[in-house]
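Listed below, chain by chain, are the residues.
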Amino acid sequence: MKIVPRPLPVAFTAAFAAAAMAVSVLSGCSAGGSADGGSDTGLDDPAKKEIAMRLVSSAENSSLDWKAQYKYIEDIDDGRGYTAGIIGFCSGTGDMLKVVERYVKARPDSPLARFVPALRAVRGSDAHDGLGRPFTEAWAEAAADPAFRSAQDAERDRSYFDPAVARAEADGLGALGQFIYYDAYVMHGYGDSDDAAGFRTIRRQALSAAAPPARGGDETAYLNAFLDARVAAMRKEAAHSDTSRVETAQRVFVKEGRLGLETPLRWRVYGDSYRIDVR
């Protein structure tokens with residue numbers, strides 16, 4: 001895995017139910033036709049979700065091989081402790097703890113079980129107390145277990161993917177808009193932290209500039225307003241100051257009219273070029 005200096009996600013927990021979102025803040029209708037499945041196909045479609053996972057991985061891990069990231073773990077010195085796994089679960093923000101708790105419930109004898117008290121203790125800080133190399137090695141080793149990979153998948157979906165897609169669908173957005181919301185959830189979380197805007201604030205600012213399709217607005221205009229608000233939020237954080245995952249990736253897709261996330265997709269993130277030619 002190629003590691004480059006990059007912004008990584010502020011990990012929060014979030015849940016979206018019915019038309020409302022219940023949140024624990026830890027600070028983590030497309031227009032036009034489609035040649036590869038139709039513009040009405042959203043990220044609930046497995047092929048579209050796979051594209052979304054690869055797009056996020058290009059920004060988070062400088063690789064399209066998102067399934068190789070289950071074992072990834074390091075402290076990137078962003079004040080959130082260890083960052084690990086397929087979307088950057090963090091020891092400092094609590095979603096890493098949720099992954100481990102979920103896994104230990106399925107595998108009580110896992111070597112990771114003994115680190116649950118330490119993960120609870122370091123939540124809200126960047127401390128490594130009770131963790132260190134024994135923990136990082138146990139995490140990497142656990143990645144070979146399908147139950148651990150399932151635990152990561154489940155926490156990703158519960159706290160990030162599902163609420164982001166549900167909110168995007170409610171706003172009348174197609175697959176690209178759903179991905180844009182999801183990527184914002186991954187990086188910013190739903191709610192604000194002490195010094196950073198979360199998805200909720202970014203969306204509110206976008207709504208003040210343009211109406212989403214569900215309110216009779218133009219989808220392209222609204223997505224650009226959302227990306228404008230997100231870029232403004234990113235530039236206020238040193239860890240997120242490189243906005244290429246928006247400006248030379250998501251903004252490109254919007255400009256090209258790929259509102260259904262139609263392939264081929266070509267983009268750049270942090271100076272690296274990527275492409276997805278088929279679904």
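The structure reproduced in this document is the subject of the present report. This is a predicted model, so every value here is computed, not measured.

## Some words on the overall build of the protein chain
(1) Moving on: Looking only at helices and strands, the protein chain features 9 helices and 7 strands.
(2) Moving on: Split into buried and exposed, the 279 residues of the protein chain put 58% on the buried side.

## With respect to the pattern of salt bridges
(1) Moving on: Here the structure, examined in full by the defined rule, presents 19 salt bridges.
(2) Moving on: Among the salt bridges present, the one from Asp-145 reaches Arg-107, with a minimum N-O distance of 3.0 Å. Of this pair, Asp-145 sits in the loop between α4 (132-142) and α5 (146-170) while Arg-107 sits in the loop between α2 (95-106) and α3 (116-122), and the two are 38 residues apart along the sequence.
(3) Moving on: Note that Glu-256 is salt-bridged to Arg-258, the shortest N-O span being 2.8 Å.
(4) Moving on: Residue Glu-256 is classed as partly exposed on the basis of its relative accessible area, which comes to 43%.
(5) Moving on: Through salt bridges with shared partners, one network takes in Lys-49, Asp-153, Arg-156 and Asp-157.

## Remarks on the packing of aromatic side chains
(1) Moving on: According to the stated counting rule, one finds 15 aromatic pairs in the structure shown.
(2) Moving on: Ring centres 5.7 Å apart and planes at 25 degrees place the aromatic pair Trp-267 and Tyr-274 in the stacked group. Residues Trp-267 and Tyr-274 agree in their burial class; the two are buried.
(3) Moving on: Three or more aromatic residues link up through ring pairs in this structure, and these residues are Tyr-82, Tyr-103, Phe-115, Phe-135, Trp-139 and Phe-148.
(4) Moving on: Lying over the aromatic face of Phe-161, Lys-49 brings its terminal NZ or CZ to 4.4 Å of the ring centre.

## Observations concerning empty space enclosed by the protein
(1) Moving on: Roughly 60 Å³ of volume is contained in the largest cavity.
(2) Moving on: Around the largest cavity sit Leu-55, Val-56, Ser-58, Ala-59, Phe-179, Asp-183, Arg-245, Ala-249, Gln-250, Phe-253, Trp-267 and Val-269, which together line it.
(3) Moving on: Contributing elements (two or more residues each) for the lining of the largest cavity: α1 (46-61), α6 (175-188), α9 (244-255) and β6 (265-269).
(4) Moving on: Residue composition of the lining of the largest cavity, by class: 8 nonpolar, 2 polar and 2 charged.
(5) Moving on: Approximately 40 Å³ is the volume attributed to the second largest cavity.

## Comments concerning the sheet that holds strand β5 (residues 89-90)
Backbone hydrogen bonds hold the strands of a sheet together, and the pairing may be parallel or antiparallel.
(1) Moving on: If you walk across this open sheet you meet the 3 strands as β3-β4-β5, and the pairing is antiparallel. A strand with exactly one partner marks an edge of an open sheet, and here the two such strands are β3 (73-75) and β5.
(2) Moving on: As judged from the 3 bridges shared by β3 and strand β4 (residues 82-84), these two strands associate in the antiparallel manner. Its bridge partner being in β4, Asp-75 is matched across the sheet by Tyr-82.
(3) Moving on: Packed on one face of the sheet, α4 meets β3 and β4 and runs near 10 degrees to β4.

## Details of the packing of α2 against α5
(1) Moving on: Following both chains from N to C, one finds α2 and α5 inclined at 135 degrees, their axes separated by 9 Å at the closest point. By the angle class used here, α2 and α5 are oblique. Considering only the axes of α2 and α5, their crossing is right-handed. Where α2 abuts α5, its residues Asp-95, Lys-98, Val-99, Arg-102 and Tyr-103 lie against Ala-147, Phe-148, Ala-151, Gln-152, Ala-154, Glu-155, Arg-158 and Tyr-160.

## What about α4?
For an α-helix, 3.6 residues make a turn, and residues three or four places apart therefore share a direction.
(1) Moving on: Of all the residues in α4, the buried ones are Gly-132, Phe-135, Thr-136, Ala-138, Trp-139 and Ala-142. Take α4 and look down its axis: the buried residues cluster within an arc of 160 degrees, on one side only. Projecting away from the buried face of α4 at angles above 90 degrees are the exposed residues Arg-133 and Glu-141.
(2) Moving on: Where the residues of α4 are buried, they touch β3, β4, α2, α3 and α5.

## Points about the environment of Met-234
(1) Moving on: Among the structural elements, Met-234 can be located in helix α8 (residues 219-234).
(2) Moving on: Sequence separation between Met-234 and Ala-196 is 38 residues; the distance between their C-alpha atoms is 8.3 Å.
(3) Moving on: Not counting residues within four places of it along the chain, the set of residues in contact with Met-234 comprises Met-187, His-188, His-240, Ser-241, Asp-242, Thr-243, Arg-245 and Val-246.

## As for the nonpolar core
(1) Moving on: By size, the foremost hydrophobic cluster in this structure holds 80 residues, and its most contacted members are Phe-135, Phe-179, Tyr-182, Phe-226 and Trp-267.
(2) Moving on: What Phe-135 contacts, discounting residues up to four positions off in sequence, is Ile-73, Tyr-82, Met-96, Leu-112, Phe-115 and Leu-119.

## So, the environment of Ala-121
(1) Moving on: Take Ala-121: it is sitting in helix α3.
(2) Moving on: Separated by 29 residues in the primary sequence, Ala-121 and Gly-92 place their C-alpha atoms 9.5 Å from one another.

## A short note on the side chain of Arg-203
(1) Moving on: Among the structural elements, Arg-203 can be located in helix α7 (residues 199-209).
(2) Moving on: If we skip the residues at most four places from it in the chain, Arg-203 touches Arg-167, Asp-171, Tyr-181, Arg-215, Tyr-222 and Phe-226.

What counts and how
- Residues numbered from 1 in each chain as written.
- Predicted model: local features only at pLDDT ≥ 70, side-chain atom pairs only at ≥ 80, totals over all residues.
- Heavy atoms only, no water.
- Helix = DSSP H or I, 4+ residues; strand = E, 2+ residues; numbered from the N terminus.
- Buried < 20%, exposed > 50% of the residue type's maximum accessible area, 1.4 Å probe, protein only.
- Salt bridge = Lys/Arg side-chain N within 4 Å of Asp/Glu carboxyl O.
- Phe/Tyr/Trp six-rings, centres within 6.5 Å; stacked < 30°, edge-to-face > 60°.
- Lys NZ or Arg CZ within 6 Å of the ring centre and 35° of its normal.
- 1 Å grid on protein atoms, 1.4 Å probe; cavity = no way out; pocket = protein on both sides within 12 Å on 5 of 7 lines; lining within 4 Å.
- Points joined across faces, edges and corners; volume = space filled by probe spheres on them.
- Nonpolar A, V, L, I, M, F, W, Y, C, P; charged D, E, K, R; others polar.
- Pairing = 2+ DSSP bridges.
- Contact = heavy atoms within 4.5 Å.
- Axes fitted to C-alpha atoms, helices over the stretch in contact; angles between N-to-C directions.
- Parallel < 35°, antiparallel > 145°, perpendicular 65-115°, else oblique.
- Left-handed = near helix turned anticlockwise from the far one by under 90°.
- Arc of directions from axis to C-beta.
- Core = buried A, V, L, I, M, F, W, Y, C linked by side-chain atoms within 4.5 Å.

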